[in-house]
Amino acid sequence: MSTEDLNKVSDTLLAEIENTGDLATLERIRIATIGKQGSITELFKTISKAPPEERKGLGKRLNHVKELCEKAILERKQCLELEELQKKIAAEKIDITLPIRPEPHGTIHPISQAIDEMLAIFCEMGFGVAEGPDIETDFNNFTALNIPPEHPARQEHDTFYLPQKDGGTRLVLRTHTSPVQIRTMLSQKPPIRIVVPGRTFRADYDSTHSPMFHQIEGLVIDKKTHMGHLKGCLIEFCRTFFGVDKLPARFRPSYFPFTEPSAEMDIGCSRAGGGLKIGAGADWLEILGCGMVHPQVLGHCEIDASRYQGFAFGLGIERAAMLKYGIPDLRTFFDSDIRWLRHYGFSALNLPNIAEGV
Ligand code: PHE
C-alpha cells in the first residue's frame, strides 16, 4: 500500500473515531481496526509480501498509523466516559425539596428505658451491675434471706414452683431480685456495691400486678455503711429519676425478714385534680422497700457481721415507670400492642449516656 493510500486510510479512521458518539461503537471500531483481526492488524501481514527494500519503511508507517489509532481511541474513550458520567450526575440530581419517605422506626420499651435510666443514676454513684437467673433455688430465694420453710412471708410471695425432681430440692421462679444479694455475697468479698435489674415472678394478676414483673435490687456492704447512707442514696436516686429537685421523702418502719431495721420509702405527691403528680403535695406514695442487711443473712453468706454491715433495697420497675411516664395500667406493658409501644416507647437516641451523666 502506498504512503498516500495509507495516509488516506489513517485520516478516514481518525475522523471516524473523532465522530463516534458512544462507547459501544468506539469499541466496535477498535476491534475492527487494531483488534486481532482488524484492518490495520491485517495490513501488517502484507509486510512480508512487499519487496525487501520497502519492508522497513512500510513497517514503520504501519506502526505509526496503529499508534495514532490507539491514541485517538483512548482519548475518545476518556472523553465519552466523562460525558456519560456528567449525564449520569445531571440525571441523578437530588431534589432536596422532596419530602422524606417515612421510615419505620422501632422504639425502646418503657421498661428498658426505665432500667437504663436507673442504671445510669446508680452507676454514676459508683454501683456496679449484677444479674442472676430467673429460676432460683429455694435457698437463695428464701432460706438464705432469713425466710425459713414455714415462714409466713413465703405465703405472701405467691410463688411459682417448678416440678420437684426426685430427691432434689425445689426450684422456684424468683419472687424478687433479692436472691442476687446472696449470689453476690457468696462470690464476692466486701466492699460490695451493686444494683440488680431483672425479671421477677408472682402468681398475681390485676391492673397493678402482673405474674411477671421487674425489680431493681441494691446492695451495699462495707465496714461503716449505715442507715444515713441508705437514706442519702435513695433520696438522691428518687430525685434524679423523677426529675424533682426537692422531692419530699420519708422512711416508714416496715418489716422484711432479710433486713433489720426495715423501712418503706414514700415520696411526696399530689392527687389534686384527679391526676397524680410526683413532687410536693399533701400525699405520700410508697415507692420501695429497704433496710440494713440482717446479720443472719450476712452469716449465711460467710460475711463476718461483727466487721461488715450494709443496706439493701428493692424497687418495682413497672410502678416507677408508670409514675414517671404516666402509664395507667401495668398489664399493658406486656400486651405487645404495637400502637401502645409507638405511643409510650422511646427513641433509641434518647438513651441516657452514663459517660455524660444524667
Ligand atoms: N425483696 C423485697 C420485695 O420484693 C424488697 C426489698 C429488697 C426489701 C431489699 C428490702 C431490701 O418486696
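The present account deals with the structure reproduced in this document. (Residues numbered from 1 in each chain as written. Predicted model: local features only at pLDDT ≥ 70, side-chain atom pairs only at ≥ 80, totals over all residues. Heavy atoms only, no water.)

## Digging into the overall build of the protein chain
- Across its full length, the protein chain holds 12 helices and 10 strands.
- The C-alpha radius of gyration computed for the protein chain amounts to 41 Å, which surpasses the reference 21 Å derived for 358 residues by more than 25%, pointing to a less compact arrangement than a globule.
- Here the protein chain, with 358 residues, has 40% of them falling under the buried criterion.
- The long-range fraction of contacts in the protein chain, counting pairs at least 24 apart against all pairs at least 6 apart in sequence, stands at 64%.
- When the accessible surface of the protein chain is summed, it comes to about 20,800 Å², and 54% of that surface belongs to carbon and sulfur atoms.
- Once the 42 positive and 48 negative side-chain charges of the protein chain are each reduced to a mean point, those two points are 4 Å apart. (Helix = DSSP H or I, 4+ residues; strand = E, 2+ residues; numbered from the N terminus. Rg over C-alpha atoms; globule rule 2.2 N^0.38 Å. Buried < 20%, exposed > 50% of the residue type's maximum accessible area, 1.4 Å probe, protein only. Contact = heavy atoms within 4.5 Å. Areas by Shrake-Rupley, 256 points an atom, 1.4 Å probe, with all protein chains shown as cover. Lys, Arg positive; Asp, Glu negative; His and termini not counted. Charge placed at Lys NZ, Arg CZ, Asp CG, Glu CD.)

## Details of the pairing of strand β6 (residues 249-256)
- Pairing of β6 with strand β7 (residues 259-270) involves 7 bridges; the strand directions are antiparallel. Counted as the bridge partner of Phe256 is Thr259 from β7.
- If you look at the hairpin formed by β6 and β7, you'll find 2 residues sitting between the two strands. (Pairing = 2+ DSSP bridges.)

## What about unusual backbone geometry?
- Following Pro190, the chain continues to Pro191 via a peptide bond in cis, the omega torsion being 5°.
- Take Pro191: it is sitting in the loop between α8 (179-187) and β4 (192-201).
- A positive phi angle is found at Ser336, which is not glycine, with a value near 55°.
- Here Ser336 shows up in the loop between α11 (317-325) and α12 (338-344).
- Looking at Ser336, the relative accessible area reads 68%, which means it is exposed.

## A closer look at the nonpolar core
- In this structure, Phe242, Ile267 and Ile287 are the most contacted members of the largest nonpolar core, which totals 47 residues.
- Counting residues per element, the ones that place at least two in this core are α5 (110-124), β5 (212-222), α9 (227-242), β7, β9 (283-293), β10 (309-316), α11 and α12.
- Contacts of Phe242, omitting those with residues within four sequence positions, involve Leu247, Ile267, Ile278, Ile287, Ala320, Leu323 and Lys324. (Core = buried A, V, L, I, M, F, W, Y, C linked by side-chain atoms within 4.5 Å.)

## Some words on the side chain of Ser10
- With respect to the helices and strands, the residue Ser10 is situated in helix α1 (residues 3-19).
- Not counting residues up to four positions away in its chain, the partners in contact with Ser10 are Val65 and Leu68.

## What about a nonpolar patch on the surface?
- Nonpolar side chains collect at one region of the surface, where Leu82, Leu85 and Ile89 lie side by side and expose about 300 Å² of accessible area between them.
- Tracing the backbone through its elements, the reader meets Leu82 in helix α4 (residues 52-91).
- Given the relative accessible area of 48%, Leu82 is considered partly exposed. (Patch = residues over 30% accessible without salt bridge, like charges linked within 9 Å, V, L, I, M, F, W, Y side chains within 5 Å. Salt bridge = Lys/Arg side-chain N within 4 Å of Asp/Glu carboxyl O.)

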